[in-house]
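Residue-level structure breakdown
Below, each chain spelled out in residue letters.
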Amino acid sequence: MGKKILVATGGGDCPGLNAVIRGIVKRAAQEPDMKVYGCVESFNGILRDEIDIRRLTESDVAGIHVQGGTIIKTTNKGGPFHFPVRQPDGSWTVEDRSQLMKQRFDEMGFDAIINIGGDGSQRISLELAKLGFNVVGVPKTIDNDLACTDFTFGFQTAVEIATEAFDKLVTTASSHNRVFIMEVMGRDAGWIALNTAIAGGAEVCIIPEIPYDPRIIANKIASRYQNNYGFCNIVIAEGAKALDGKVTGAAPTAVGDQHIKLGGVGEKLKAELEAIGLEHDIRVTVLGHLQRGGTPIAYDRVLATEFGVKAVELIKEEKYGNMVVYNHPKISYVSLEKALESPNFVKPATSDLVRTARGVGISFGDR
């Protein structure tokens, strides 16, 4: 018996999203009467007054695996349980439209949902499953902070982009005897920063999981100079914290957006180093959204395609309420509850990557 599948991409965009969509459509095309539809801009396509849901065929997805972004758009605002609604006086509020979504979902004859997204999106998946939706989750995030899977697609591309940028900063730092601080994404997880620091040969790596002391970083920088000649390159994750434990960012201002806007920790570290008397020329580079755009590398295209194919197979087998995962060398699945039990953060005491970084002399600003 064929099935009608609704696909959504939620949260921030990520290299490999289109490869997943292509994998889903091409695998579904091998099943009798299985059809795939894209819900435009995450679940907004079914929640808005003007429904925007589009049929996806093999011709629609031909060649999209090399493209960044997502052909069905995405958003990190709103959702079925916090949908932004404009009031007659021009103000905004949020309302629960999950029952409206269920009504429309049933009326349009859909059988299952594939929700492609990170932690926030998979929490929506879990809540939808509790309401009776047949849901399969696909883990997507450049932060690599979802548990139960070795990697999430998009992460390796983000590391590649960050490393290429860092390589360029090393040469200009050397030429000008400067200290360069490069701020990367990752939210509360230090995976992008840690991998970039090792691959790029950083002297200092600051991650959220290890609170830093600016004085220790200043000492590391000083060791890199002799007679005022020298340079130092630092990678810092956007969620990094000093010893006071405070993150650097701003509260969200958009209606329906529940995420603190991290950013500015690179400038904060620069100010802290200058405040304790560091006189070397310090420059800050913030990579920002460069890390999540553009063409996915081959690794992420392969992983994303594997995830897309597996998601369709779970729907075929009616194994709902699960999230696809990669546990080398297998593509498998776990329950949404298990996937969301705890985030995947760097564990400094047991991490081989942290041990490796310390082994090549990288300082985390803690000792």
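Before reading further, recall that the structure is shown in the block above.
Our subject in this report is the structure included herewith. (Residues numbered from 1 in each chain as written. Predicted model: local features only at pLDDT ≥ 70, side-chain atom pairs only at ≥ 80, totals over all residues. Heavy atoms only, no water.)

Quick look at the sheet that holds strand β8 (residues 179–184)
Taken together, 4 strands build an open sheet; the order of strands is β9-β12-β8-β15 and the sheet is parallel. Every other strand in the sheet has two partners, leaving β9 (204–206) and β15 (282–286) as the edge strands with one partner each. Within this sheet the neighbouring strands show an average axis-to-axis angle of 20°, counted without direction. Two strands pair when backbone bridges link them, and β8 and β15 are joined in this way by 5 bridges, in the parallel orientation. From the neighbouring strand, F180 faces β15, where its bridge partner is R283. (Pairing = 2+ DSSP bridges. Helix = DSSP H or I, 4+ residues; strand = E, 2+ residues; numbered from the N terminus. Axes fitted to C-alpha atoms, helices over the stretch in contact; angles between N-to-C directions.)

Some points on empty space enclosed by the protein
Counted by the stated rule, this structure contains 1 cavity of 30 Å³ or more. A volume near 30 Å³ is recorded for the largest cavity. In terms of lining, the largest cavity is formed by D119, R123, D145, L146, A147, A339, L340, S342 and P343. (1 Å grid on protein atoms, 1.4 Å probe; cavity = no way out; pocket = protein on both sides within 12 Å on 5 of 7 lines; lining within 4 Å. Points joined across faces, edges and corners; volume = space filled by probe spheres on them.)

Details of the environment of N327
With respect to the secondary-structure elements, N327 resides in strand β16 (residues 322–327). Of the residues examined, N327 reaches a relative accessible area of 32% and is grouped as partly exposed. A sequence separation of 173 residues divides N327 from G154, and the C-alpha atoms of the two residues are 16 Å apart. Here the side chain of N327 touches C148 through a polar contact of 3.0 Å, landing on its backbone oxygen. (Buried < 20%, exposed > 50% of the residue type's maximum accessible area, 1.4 Å probe, protein only. Polar contact = N/O pair within 3.5 Å; in protein donor to acceptor, adjacent residues only side chain to side chain.)

Observations regarding the packing of helix α7 (residues 191–200) against helix α12 (residues 352–359)
Close contact between α7 and α12 brings their axes to 10 Å; oriented N to C, the two are set at 35°. For the element pair α7 and α12, the recorded crossing hand is left-handed. Contact residues: α7 offers W191, L194, N195 and I198, while α12 offers L353, V354, T356 and A357. In the contact of α7 with α12, the residues fall into 6 nonpolar, 2 polar and no charged. (Left-handed = near helix turned anticlockwise from the far one by under 90°. Contact = heavy atoms within 4.5 Å. Nonpolar A, V, L, I, M, F, W, Y, C, P; charged D, E, K, R; others polar.)

Overview of the sheet that holds strand β1 (residues 4–9)
With respect to topology, 7 strands assemble into an open sheet ordered β3-β2-β1-β6-β7-β16-β17, the strand pairing being mixed. Each having just a single partner strand, β3 (53–56) and β17 (330–335) make up the two edges of the open sheet. With strand direction ignored, the average angle separating the axes of adjacent strands in the sheet is 30°. Bridge analysis of β1 against strand β6 (residues 112–117) gives 5 bridges, and the strand direction is parallel. Looking at β6, one finds that V7 is bridged to I114. Packing against the sheet, helix α1 (residues 17–28) makes contact with β1, β2 (35–39), β3, β6 and β7 (135–139), and its axis sits at approximately 160° to β6. Along the sheet, helix α5 (residues 119–130) contacts β6, β7 and β16; its crossing angle with β6, the most-contacted strand, is approximately 160°.

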